[in-house]
Amino acid sequence: RPARGSGRKMAAPMSRGSRGPEPGAAPYGNFPNYSRFHPPEGRVSLLPQGLLRSLFPAATRPLLGLDVGCNSGELSVALYQHLVGLQGSNSSPEPPGAGKELNLLCCDIDPELIRRAQQSSPFPASISFASLDIMDSGAREPFLSSYLERFGRSCFDIGFCMSVTMWIHLNHGDRGLLEFLALLASLCTFLLVEPQPWRCYRAAARRLRRLGRDDFEHFRSLRINGDMAESVTRILTQECAMELVCSFGSTSWDRSLLLFKSTGADPRGAD
């Protein structure tokens, strides 16, 4: 997941031995095999069919999506398939014209996970994977601007932030979480967020300590805590000019899927 310590350096990502890291132990959430313990279907099954068409009923050009903290891409691919109506299709090459409906840019802090995503993606013409620390403005701004300019756009139609907020929060503190959510709100017309509940914060910190690694720099000083779905909703609606459109319920591992919309958004998906 895309979070790097802004103060002292956090421990490096876990090494990828044959057993792999313990879930929740990597300081940025960038563990391999993530989809094995949180399968994409657990999220995608909560989303209605035809979601893109209902959000953008009059779109006349390809929609642009941004997936922040994509890990090795399994969920990104599943979201793409669901949104463009290709459920269960892993055909390669991808169906002709698929990119006319949605182009998805997916980023993660871990270049090795991005390499895996690039190698395994069944939709290389429609889904782009890139290694990017979303909290590094010097790298983020030219990269995202260049991507948007390719399509003559100034923002993304829809963004995805799936189990990323905790890693930003732990590594960058309350201020970092506020900056991150404000950034996504400024970049995306619609935003689908899956915040981790507070118990996940405690578990991540406990596992890190159990491995004898440095604690998360900000964990004990976080003032934004408790009901994180409620906190994220409050921040986006009260401070980031977004409104809550829908809660699609919770996954089997108790994480809410929340869809927000920019209050100044054009429902036709036009800039």
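In this text, all values refer to a predicted model and were calculated from it rather than measured experimentally.

One can find T189 in strand 5 (residues 188-194). Looking at T189, the relative accessible area reads 10%, which means it is buried.

This part covers the nonpolar core. The biggest cluster of nonpolar side chains holds 48 residues, and the ones touching the most others in it are I134, F156, L170, F180 and L236. The element that contributes the greatest number of residues to this core is helix 7 (residues 165-187), accounting for eleven residues. Shared between two domains, this core takes at least three residues from each, and those domains are domain 1 (61-154) and domain 2 (162-264). Contacts of L170, omitting those with residues within four sequence positions, involve Y201, A204, F216, E217, H218, F219 and L222. Counting 32 residues, the second-largest nonpolar core is a separate cluster that includes L83, L86, L104 and L192.

Let us look at unusual backbone geometry. You will see that S163, though not glycine, has its phi angle at about 55°, which is positive. Within the secondary structure layout, S163 lies in the loop between strand 4 (156-162) and helix 7. Using a relative accessible area of 1% as the deciding quantity, one classes S163 as buried.

Turning our attention to the pattern of salt bridges. A full pass over the atoms with the stated rule returns eleven salt bridges. Across the pair D215 and R220 runs a salt bridge, and its minimum N-O distance is 3.6 Å. By relative accessible area, D215 is classed as buried at 18%. On the basis of relative accessibility, which here comes to 66%, the residue R220 falls in the exposed class. Because the salt bridges share partners, they merge into one network encompassing R61, R153 and D157.

A few words now on the environment of R53. Within the element layout of this structure, R53 appears in helix 3 (residues 51-55). Judged by relative accessible area, R53 falls into the exposed class, the value being 53%. When the C-alpha positions of R53 and V84 are compared, they lie 9.2 Å apart, and in sequence the two are 31 residues distant.

Strand order in the open sheet made by the seven strands is 3-2-1-4-5-7-6, with mixed pairing throughout. The sheet is open, and its two borders are formed by strand 3 (127-131) and strand 6 (242-250), each paired with just one other strand. Ignoring strand direction, the axes of neighbouring strands in this sheet form an average angle of 20°. Strands in contact with helix 6 (residues 137-150) are strand 1 (63-68), strand 2 (102-108), strand 3 and strand 4; relative to strand 2, the strand with the most contacts, it is inclined by about 170°.

Basis of the calculations
Residues numbered from 1 in each chain as written. Predicted model: local features only at pLDDT ≥ 70, side-chain atom pairs only at ≥ 80, totals over all residues. Heavy atoms only, no water. Helix = DSSP H or I, 4+ residues; strand = E, 2+ residues; numbered from the N terminus. Buried < 20%, exposed > 50% of the residue type's maximum accessible area, 1.4 Å probe, protein only. Core = buried A, V, L, I, M, F, W, Y, C linked by side-chain atoms within 4.5 Å. Domains from an automatic or database assignment. Contact = heavy atoms within 4.5 Å. Salt bridge = Lys/Arg side-chain N within 4 Å of Asp/Glu carboxyl O. Pairing = 2+ DSSP bridges. Axes fitted to C-alpha atoms, helices over the stretch in contact; angles between N-to-C directions.

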